[in-house]
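Here is what each chain is made of, one letter per residue.
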Amino acid sequence: MAEIAASRDSGMTSRPLVFQCRSCRIIVGDSLSIDSTNERLNSLTLTRVSSLSQSEDITTSTAPDAPDRGSTFQALHCVQCTACLGKVYLTTRPELDSFRGRYTLDTNAICSYELGGGGNAQEDMHVLNGSVETELRTELHKIQGVILSMHERLLALETAGPAH
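Residues numbered from 1 in each chain as written. Predicted model: local features only at pLDDT ≥ 70, side-chain atom pairs only at ≥ 80, totals over all residues. Heavy atoms only, no water.

## Quick word on the nonpolar core
Okay, so step 1: Within the largest apolar cluster, 17 residues are counted, with the highest numbers of intra-cluster contacts made by Phe19, Val28, Leu85 and Leu105.
Okay, so step 2: For this core, the secondary-structure elements that each account for two or more residues are strand S1 (17-21), strand S4 (43-46), strand S7 (72-78) and strand S8 (84-91).
Okay, so step 3: Counting residues in each nonpolar core, the second largest holds 5 residues, with Leu41, Phe73, Tyr89 and Leu96 among its members. (Core = buried A, V, L, I, M, F, W, Y, C linked by side-chain atoms within 4.5 Å. Buried < 20%, exposed > 50% of the residue type's maximum accessible area, 1.4 Å probe, protein only. Helix = DSSP H or I, 4+ residues; strand = E, 2+ residues; numbered from the N terminus.)

Structure follows, in structure tokens:
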């Protein structure tokens, strides 16, 4: 996530990023709602998220070396795979006050991609590991089959003429 901070600091205009659950790849947010990043917490804080559920349980951070020690929070879980992706802080130490009530995601639990990257799709394929690529290709073939079948049915209905 250092690239996010670097591009903001340098004043570069970058294309939006989409954030996904690292486990199941469901989209959970985007860079248009970034509130802040924090290297000590290894986190990215967003003002809006999707596909996340907020735990009812309230937890207190008690690890002696934790930068958020003493803070209370509710865990954020992916609605698809239930992986814990972050926290919503309820109480914090003064230096973390800006995190309260926001969606703070663990950068190790999410991944991202840049929209509008263009370029060569073959060059971008190296980002996907083999099993994910195979799964995506299988799903794409299924979708293509459904679309072809629907096209054939629609064509048959159009050539049959109006029903009386």
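## Notes on the sheet that holds S1
Okay, so step 1: Read from one edge of the open sheet, 3 strands run S2-S1-S10, paired in antiparallel fashion. Two strands bound the open sheet, and with one partner strand each, they are strand S2 (27-30) and strand S10 (110-114). Strand-to-strand twist across the sheet, computed as the mean angle between neighbouring axes with direction ignored, equals 30°.
Okay, so step 2: Bridge analysis of S1 against S2 gives 3 bridges, and the strand direction is antiparallel. Opposite Phe19, over in S2, you have Gly29 as the bridge partner. (Pairing = 2+ DSSP bridges. Axes fitted to C-alpha atoms, helices over the stretch in contact; angles between N-to-C directions.)

## A look at the environment of Val18
Okay, so step 1: Mapped onto the secondary structure, Val18 falls in strand S1.
Okay, so step 2: Sequence separation between Val18 and Glu114 is 96 residues, and the spatial gap between their C-alpha atoms is 6.4 Å.
Okay, so step 3: Apart from residues lying up to four places away in sequence, Val18 is in contact with Ile27, Gly29, Asp30, Cys111, Ser112, Tyr113 and Leu115. (Contact = heavy atoms within 4.5 Å.)

## Brief notes about the packing of aromatic side chains
Okay, so step 1: Enumeration according to the criterion identifies 2 aromatic pairs in this entry.
Okay, so step 2: Ring geometry for Phe73 against Tyr89: centres 6.1 Å apart, planes inclined by 65°, an arrangement best described as edge-to-face. Highlighted residues: Phe73 in strand S7 and Tyr89 in strand S8, separated in sequence by 16 residues. With respect to burial, Phe73 and Tyr89 carry one shared label: buried.
Okay, so step 3: An aromatic cluster of at least three residues, connected via ring pairs, comprises Phe73, Tyr89 and Phe99.
Okay, so step 4: Positioned over the ring face of Phe73 is Lys87, at 4.4 Å from the centre of the ring. (Phe/Tyr/Trp six-rings, centres within 6.5 Å; stacked < 30°, edge-to-face > 60°. Lys NZ or Arg CZ within 6 Å of the ring centre and 35° of its normal.)

## Looking at the pairing of S8
Okay, so step 1: Sheet analysis places S7 next to S8, joined by 6 bridges and oriented antiparallel. Paired with Thr72 across the bridge in S8 is Thr91.
Okay, so step 2: Linking S7 to S8, which pair antiparallel, is a turn of 5 residues; within it Thr82 sits at a positive phi near 65°.
Okay, so step 3: When S8 meets strand S9 (residues 103-106), the two strands line up antiparallel, connected through 2 bridges. Residue pairing for S9: Lys87 is matched across the bridge by Thr104.

## Let's talk about the side chain of Thr72
Okay, so step 1: Assignment of secondary structure puts Thr72 in strand S7.
Okay, so step 2: In this structure the side chain of Thr72 is engaged in a polar contact, spanning 2.6 Å, whose partner is the side chain of Thr91.
Okay, so step 3: When neighbours within four sequence positions are excluded, Thr72 is seen to be in contact with Ile58, Thr59, Thr60, Val88, Tyr89, Leu90 and Thr91. (Polar contact = N/O pair within 3.5 Å; in protein donor to acceptor, adjacent residues only side chain to side chain.)

## Section: the pattern of salt bridges
Okay, so step 1: The full count for this structure, using the stated rule, is 5 salt bridges.
Okay, so step 2: Lys87 serves as the salt-bridge partner of Asp68, at 3.0 Å between the closest nitrogen and oxygen. Here the residue Asp68 occupies a position in the loop between strand S6 (59-60) and S7, and Lys87 occupies one in strand S8, the gap between them amounting to 19 residues.
Okay, so step 3: Residue classification places Lys87 among the partly exposed positions, given a relative accessible area of 24%.
Okay, so step 4: Residue Arg100 pairs with Asp97 through a salt bridge whose shortest N-O separation is 2.3 Å. (Salt bridge = Lys/Arg side-chain N within 4 Å of Asp/Glu carboxyl O.)

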